[in-house]
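# Observations on the three-dimensional arrangement
Next come the chains, spelled out residue by residue.
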Amino acid sequence: MIELSAETFHRAMADNPAVACILHHGAFDAAAATAAGADAADSPYAWARIDVDAAPGIGAMFGVPEGEPYLLVMRQGVVLYCRALHSASPEATRATLDKAAALDMGDIRREVDAGHLGRDAVFNRRACPTTWRTR
């Protein structure tokens, strides 16, 4: 398991096509890795962990509340899952990881791009209509 810091987090996410990261507070609980499925021999993920107490910006970016570890799953730089680790059983968490690994990232990218287009259209509508007039 890769131990990350605020300085290495973004680079690790960019360098690995599939990452499962445990976002924890303070001392790392090895049971969290087992509950998340990091012990699976055939895992398609690069496993990492980061102490969000030492990197509060990372914790804030993903909305990680204090006290409970979170599991972040990313593929090709897209966040597919970010939830409390103990909110599901280890079997349910592993099933989620398997589903995330099987997703067609082309479809996911198209959905993300469509969402960006929709968001941009909303922001553009907020401008005064005279802004769009050509002279």
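Definitions and limits used
- Residues numbered from 1 in each chain as written.
- Predicted model: local features only at pLDDT ≥ 70, side-chain atom pairs only at ≥ 80, totals over all residues.
- Heavy atoms only, no water.
- Pairing = 2+ DSSP bridges.
- Helix = DSSP H or I, 4+ residues; strand = E, 2+ residues; numbered from the N terminus.
- Buried < 20%, exposed > 50% of the residue type's maximum accessible area, 1.4 Å probe, protein only.
- Salt bridge = Lys/Arg side-chain N within 4 Å of Asp/Glu carboxyl O.
- Phe/Tyr/Trp six-rings, centres within 6.5 Å; stacked < 30°, edge-to-face > 60°.

### Things to note about the pairing of strand β3 (residues 46–51)
For a regular strand, side chains alternate in direction, first toward one face of the sheet and then toward the other. As paired elements, strand β1 (residues 2–4) and β3 share three bridges and run parallel to each other. Its bridge partner being in β3, Leu4 is matched across the sheet by Ile50. Note: strand β2 (residues 18–24) against β3, six bridges, orientation parallel. Among the inter-strand pairings, Ile22 is bridged to a residue of β3, identified as Arg49.

### Describing unusual backbone geometry
What is expected of a backbone is that most residues other than glycine have negative phi and most peptide bonds are trans. Here Gln76, not a glycine, exhibits a phi torsion of approximately 50 degrees, which is positive. Here Gln76 is to be found in the loop between β4 (70–75) and β5 (78–84).

### Details of the pairing of β4
Most of β4 is tucked away: six of the six residues are buried. A two-sided burial pattern is seen for β4, the buried positions comprising Tyr70, Leu72 and Met74 on one face and Leu71, Val73 and Arg75 on the other. Bridge count for β2 against β4 is six bridges, and the pairing is antiparallel. When the sheet's bridge partners are listed, Ala20 is paired in β4 with Val73.

### As for the pattern of salt bridges
Applying the stated rule across the entire model yields two salt bridges. For Glu3, the salt bridge identified is with Arg49, shortest N-O distance 3.1 Å. Here Glu3, found in strand β1, pairs with Arg49, found in strand β3; they are 46 residues apart in sequence, far enough to count as distant.

### Focus on the packing of aromatic side chains
Evaluated as defined, the whole model comprises one aromatic pair. On the basis of an interplanar angle of 65 degrees and a centroid distance of 6.0 Å, the ring pair of Phe9 and Phe62 is categorised as edge-to-face. Here the residue Phe9 occupies a position in helix α1 (residues 9–15), and Phe62 occupies one in helix α3 (residues 56–62), the gap between them amounting to 53 residues. Across this residue pair, the class does not change: Phe9 and Phe62 are buried.

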